[in-house]
Amino acid sequence: MSIETRDIRRILRQAKTFPPDMPAFDADAAPDEPLGLLVDWLSAAIEAGVNQPHAMTLSTCDSTGHVTARTLLLKDVDDALWFASSDESPKGRQMAENPHVALTLYWREQGRQIRVEGQAQPGPAEVGAADFTARHPDSRAVAIALPQSSAYDPGSQEPQARLAAARELVAQDDDFAPDDWTAYRVVPTVVEFWQATTGRDQVRLRYDRVGEGTGWTSTRLWP
Ligand SMILES: Cc1cc2nc3c(=O)[nH]c(=O)nc-3n(C[C@H](O)[C@H](O)[C@H](O)COP(=O)(O)O)c2cc1C
């Protein structure tokens, strides 16, 4: 190990922090609704050449209160944030039990975070199928053959046989999509923007949806 355990606390305190050239965020000039601003920040991260700018953390909670989080790719933004996964995966089962989720986008290069809360709902089957068939053939074969997050025995021949059959299926039918692959949409009820500054304070702006409608209120928060 390159770091002695006793040194970790000291080394973490000295770890490199945000760069000096972060974008400014004028919360007083922010728009009335958050999704346009979210797309602006996403676009800025893409234009700045951030790696995996569309990676986000999905946090889920099952009916017993057990919370898990993992990274996913943001696939689209309209009135909702979209991502895709298997509805038979642990996260898929958790969202079936409890659709309340949180999404977190973080661009360290720009000192920016966006937090989203809402309910995840399966989108139309054709959107899930289109997402699936746009994936690399090898990724498709793996998703067809091997149940996401299930344990595997490296000595077993069976997964290899299933994988070979799935590769054959994908090669023969470019439009094939398994029923479990699902495009989920999260219509936000809360969206919070967080911008670091060189002055070590942070600008925070939280939007809350008004009732079931399309209106929003916004609130500045202390760092
Ligand atoms: C950068 C990155 C992007 C990922 N994108 C996805 C994705 O779009 N869909 C997906 O199902 N898993 C994706 N994963 C894998 C998930 O993080 C996770 O390991 C997998 O979905 C199983 O999660 P679960 O066991 O909680 O269901 C990604 C992982 C990383 C690190």
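Below or above, wherever it landed, is the structure these notes cover. (Residues numbered from 1 in each chain as written. Predicted model: local features only at pLDDT ≥ 70, side-chain atom pairs only at ≥ 80, totals over all residues. Heavy atoms only, no water.)

1. What about helix α4 (residues 125–133)?
Next, step 1: Every buried residue of α4 is listed here: Gly128, Asp131 and Phe132. Around the axis of α4, the buried residues are gathered within 100° of arc, so they sit on the same side.
Next, step 2: The elements touched by buried residues of α4 are β4 (81–86), α5 (137–145) and β7 (181–196). (Buried < 20%, exposed > 50% of the residue type's maximum accessible area, 1.4 Å probe, protein only. Helix = DSSP H or I, 4+ residues; strand = E, 2+ residues; numbered from the N terminus. Arc of directions from axis to C-beta. Contact = heavy atoms within 4.5 Å.)

2. A word on the site of the ligand
Next, step 1: In the neighbourhood of the ligand, the contacting residues comprise Gln52, Arg70, Thr71, Leu72, Leu73, Ala84, Ser85, Ser89, Pro90, Lys91, Gln148 and Ser149.
Next, step 2: Separating a nitrogen atom of the ligand from a backbone N or O atom of Ala84 is a distance of 3.0 Å.
Next, step 3: Alone, the ligand offers 620 Å² of accessible surface; in the complex the protein occludes 67% of this.
Next, step 4: If one sorts the elements of the shell around the ligand by residue count, strand β2 (residues 67–73) sits on top with 4 residues.
Next, step 5: In terms of residue class, the shell around the ligand is made up of 4 nonpolar, 6 polar and 2 charged. (Near = heavy atom within 4 Å. Polar contact = N/O pair within 3.5 Å; in protein donor to acceptor, adjacent residues only side chain to side chain. Areas by Shrake-Rupley, 256 points an atom, 1.4 Å probe, with all protein chains shown as cover. Nonpolar A, V, L, I, M, F, W, Y, C, P; charged D, E, K, R; others polar.)

3. Re the packing of aromatic side chains
Next, step 1: Under the criterion given, the structure shown has 8 aromatic pairs.
Next, step 2: Considering the side-chain rings of Phe25 and Trp41, the 5.1 Å spacing of their centres and the 85° angle between planes classify their relative orientation as edge-to-face. Linking Phe25 in the loop between α1 (8–13) and α2 (34–47) with Trp41 in helix α2, this pair joins segments that are 16 residues apart in sequence. The exposure classification of Phe25 matches that of Trp41, with both residues buried.
Next, step 3: For Trp41, a relative accessible area of 3% puts it in the buried group.
Next, step 4: Three or more aromatic residues link up through ring pairs in this structure, and these residues are Phe25, Trp41, Phe193, Tyr207 and Trp216.
Next, step 5: Here the guanidinium or amino end of Arg112 rests over the ring plane of Trp41, the centre of that ring lying 4.0 Å away. (Phe/Tyr/Trp six-rings, centres within 6.5 Å; stacked < 30°, edge-to-face > 60°. Lys NZ or Arg CZ within 6 Å of the ring centre and 35° of its normal.)

4. Quick notes on the nonpolar core
Most often, soluble globular proteins have nonpolar side chains that are buried together.
Next, step 1: Counting 32 residues, the largest nonpolar core has Phe25, Phe83, Ile114 and Phe193 as its most contacted members.
Next, step 2: Every element with two or more residues in this core is listed here: α2, β1 (55–61), β4, β5 (100–107), β6 (112–122), β7 and β8 (202–209).
Next, step 3: Examining the composition of this core, we find that 6 residues originate from one element, α2, more than from any other.
Next, step 4: Dropping the residues within four chain positions of it, Ile114 is found in contact with Leu38, Trp41, Leu103, Thr104, Leu105, Trp107, Val191, Glu192 and Phe193. (Core = buried A, V, L, I, M, F, W, Y, C linked by side-chain atoms within 4.5 Å.)

5. A short note on α2
Next, step 1: Over its 14 residues, α2 runs 20 Å from end to end, which matches the ideal 20 Å to within 8%, given 1.5 Å per residue.
Next, step 2: Listing the buried residues of α2 in full gives Pro34, Leu35, Leu37, Leu38, Trp41, Leu42 and Ala45. Projected onto a plane normal to the axis of α2, the buried residues spread over an arc of 160° and lie on a single side.
Next, step 3: For α2, the N-terminal cap is Glu33; the gap from its side-chain oxygen to the backbone nitrogen of Leu35 is 2.9 Å.
Next, step 4: Downstream of α2 by one or two residues, Gly49 has phi in the positive range, about 80°. (Expected span 1.5 Å × (residues − 1).)

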